[in-house]
Amino acid sequence: MIDSSANSPIVRLVGVEKKLGRQKVLKGVNLEVRAGENMVIIGRSGGGKSVLLKHILGLMQPDAGEVWFRDQNLVKLSEEQLVPLRKETGMLFQNGALFDSLTVGENVAFPLRERGNVNDAEIRSEVTRALKIVDLPNQEHKWPSELSGGMRKRVALARAAIARPALMLYDEPTSGLDPVVSDSINKLMVRLGEELNMTSVIVTHDMVSAREVGDRIAMLYEGKIYIVGEPRDVIESQDPIVHRFVNGISDASDAIF
Ligand SMILES: Nc1ncnc2c1ncn2[C@@H]1O[C@H](COP(=O)(O)OP(=O)(O)OP(=O)(O)O)[C@@H](O)[C@H]1O
Ligand SMILES: [Mg+2]
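All of the points below concern the structure found in this document. Numbers given to residues run from 1 along each chain, matching the order in which its sequence is written. For naming, the first written chain is A and the first written ligand is 1, with later ones following in the order written. In keeping with the model being predicted, local features are shown solely for residues with a pLDDT of at least 70 and side-chain atom pairs are shown and tallied solely at 80 or more, while totals for entire chains, interfaces and linings include all residues. With hydrogens and water set aside, each side-chain value is computed from the structure's full complement of heavy atoms.

Further remarks concern unusual backbone geometry. A positive phi angle, close to 60°, is found at Asn138, a residue other than glycine. The numbering of helices and of strands both runs from the N terminus, where a helix is a DSSP run of H or I of at least 4 residues and a strand a run of E of at least 2. On the secondary structure map, Asn138 appears in the loop between helix H4 (120–133) and helix H5 (149–161). Even without being a glycine, Asn197 presents a positive backbone phi close to 60°. Its location among the elements puts Asn197 in the loop between helix H6 (179–195) and strand E8 (199–203).

Here you go:
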């Protein structure tokens, strides 16, 4: 038998539409994320990238369309039925939110504790392992307030990855970080994906990150996926809309006043 699972989609969005307030944010998003790939999503601020991730997580329901995780359409599932699927997905939120009243070790352990049926010794060894992967060995006892921005992101990454999700969603993992720290986060995302055999969806403004981490890049534009392809094809695209975004060129309609 030919095993084609390496290329089968793990996530599939079909005609996803979503209105929030008076604004139609998603206007028919079609996107397939293949098992094992790093899919980067780029697009303008306020364009609906975080909203899109929330649909993949099942935290938001579309007004129309389908959101598939493997062979299940999340739109048809109850909150209760979503619970086991959410355990297969890790999320690095845009603000990296750590719990300030918990130590680094307790933060990283959180998803395992929530899951239950894991004993303390196992939890300790998993936390040690996760902190090693993110290059923060022996930092269990620190408090979030004692960490730099880049360290906080890495702790949040360890927390998101500790339960070894099949799918990892990253919302702006490098925003607010200097180029050197961003580079270490980029490398870490690639390494985590390989070591834990994960599929990743990475939302970013950072074209350096997109190029380094992405197996493919998709651009969200006016509520739809405007282009999807290998990084070079997207980055070197001569399409004026893609070209302007990738190269950070504004046009008259971008004027603030
Ligand atoms: N819960 C909500 N209720 C109402 N409007 C919302 C909600 N969440 C998002 N929006 C709106 O949807 C639009 C898209 O927001 P979203 O956060 O997805 O943008 P984004 O592409 O992630 O932007 P950024 O790059 O700045 O993070 C925005 O206009 C935002 O105001
Ligand atoms: Mg966002």
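Further notes follow.
The next point concerns the packing of helix H3 (residues 104–115) against H5. Note on geometry: axes are lines fitted to C-alpha atoms, helical ones only across the stretch in contact, with angles between N-to-C directions running from 0 to 180 degrees. In the contact formed by H3 and H5, the axes pass within 7 Å of each other and the chain directions differ by 30°. Judged by the angle between their axes, H3 and H5 are roughly parallel. Helix-helix and strand crossings are classified by hand; for H3 and H5 the assignment is right-handed. Contact residues: Val104, Asn107, Val108, Phe110 and Pro111 in H3; Val155, Ala158 and Arg159 in H5. Each residue receives one of three labels: charged for Asp, Glu, Lys and Arg, nonpolar for Ala, Val, Leu, Ile, Met, Phe, Trp, Tyr, Cys and Pro, and polar for the others, Gly being one of them. Looking at the contact of H3 with H5 residue by residue, the class counts come to 6 nonpolar, 1 polar and 1 charged. An angle counts as roughly parallel when it lies under 35 degrees, as roughly antiparallel when it exceeds 145, as roughly perpendicular when it falls between 65 and 115, and as oblique in every other case. Less than a right angle of anticlockwise turn of the near helix away from the far helix marks a crossing as left-handed, whereas a clockwise turn marks it as right-handed. A contact between two residues is defined here by any heavy atoms of the two lying within 4.5 Å.

Further remarks concern the side chain of Thr89. Tracing the backbone shows Thr89 in strand E6 (residues 89–92). With residues up to four places along the chain from it excluded, the contact list for Thr89 reads Leu57, Phe69, Pro165, Leu167 and Leu169.

All right, on to the sheet that holds strand E7 (residues 167–171) then. Hydrogen bonds between backbone groups are what pair the strands of a sheet, and the pairing can be parallel or antiparallel. Pairing is mixed in the open sheet, where 6 strands are placed in the order E6-E7-E8-E3-E9-E10. The open sheet has two free edges, formed respectively by E6 and strand E10 (224–229), since each of these has just one partner strand. Recorded for the sheet is a direction-independent mean angle of 15° between the axes of neighbouring strands. Across the sheet, helix H1 (residues 49–57) lies against strand E3 (38–43), E6, E7, E8 and strand E9 (216–221), angled at about 160° from E7, the strand it touches most. DSSP-based pairing: two strands are paired if at least 2 bridges between them are found.

Once that is clear, we can look at the side chain of Ser237. On the secondary structure map, Ser237 appears in the loop between helix H8 (231–235) and helix H9 (240–246). At 3.1 Å, the side chain of Ser237 forms a polar contact with the backbone nitrogen of Asp239. For Ser237, the contacting residues outside a window of four places in its chain are Ile227, Val242 and His243. Definition of a polar contact: a pair of N or O atoms within 3.5 Å, with one able to donate and the other able to accept a hydrogen when the atoms are protein atoms, and with sequence-neighbouring residues admitted only if both atoms are side-chain atoms.

So, about the layout of surface pockets. When its volume is computed, the largest pocket comes out at roughly 600 Å³. Here a cavity denotes a set of grid points, spaced 1 Å apart and computed over the protein atoms alone, in which a 1.4 Å probe fits but from which it cannot get out, and a pocket denotes an open set meeting protein on both sides within 12 Å along at least five of seven lines; residues with an atom within 4 Å of a point are reported as lining. Taken together, 19 residues make up the lining of the largest pocket; nearest its centre are Arg86, Thr89, Met91, Pro111 and Glu114. Sorting the residues of the lining of the largest pocket by element identifies helix H2 (79–86), E6, H3 and H5 as the ones contributing at least two each. Here the lining of the largest pocket takes 4 residues from H3, the largest share from any one element. A breakdown of the residues in the lining of the largest pocket according to their chemical character gives 12 nonpolar, 2 polar and 5 charged. Grid points are joined across faces, edges and corners, and a volume is the space filled by probe spheres set on the points.

Glancing now at the site of ligand 1. Residue proximity to a molecule or strand is established when one non-hydrogen atom of the residue lies within 4 Å of it. The full set close to ligand 1 counts 14 residues, and Gln23, Ser45, Gly46, Lys49 and Ser50 are the nearest of them. Measuring from an oxygen atom of ligand 1, one finds a backbone N or O atom of Gly47 at 3.2 Å. In the environment of ligand 1, an oxygen atom lies 3.2 Å from a nitrogen or oxygen atom belonging to the side chain of His205. When ligand 1 sits alone it has 630 Å² of accessible area, and the protein chains cover 64% of it. Elements with a minimum of two residues in the shell around ligand 1: strand E2 (23–34) and H1. With 3 residues, the top contributor of residues to the shell around ligand 1 is H1. Along the lines of polarity and charge, the residues of the shell around ligand 1 split into 3 nonpolar, 8 polar and 3 charged. Per-residue accessibility takes into account occlusion by the displayed protein chains alone, with areas from the Shrake-Rupley method and a 1.4 Å probe.

Let's shift gears to H6. The end-to-end C-alpha distance of H6 is 24 Å, a good match for the 24 Å that 17 residues give at a rise of 1.5 Å each. Where H6 is concerned, the buried positions are Ser182, Ile185, Asn186, Leu188, Met189, Leu192 and Gly193. The buried residues of H6 all sit within an arc of 165° when viewed along its axis, so they share a single face. In H6, the exposed positions that point more than 90 degrees away from the buried face belong to Val180, Lys187 and Glu194. To estimate the expected span of a helix, count its residues, drop one, and scale the result by 1.5 Å. Whether a residue is buried, partly exposed or exposed follows from its accessible area with a 1.4 Å probe, protein chains only, as a fraction of its type maximum: under 20%, in between, or over 50%, in that order. In this description, the arc belongs to the directions extending from the helix axis to the C-beta atoms.

No statement about biological role is implied by the geometric values presented.
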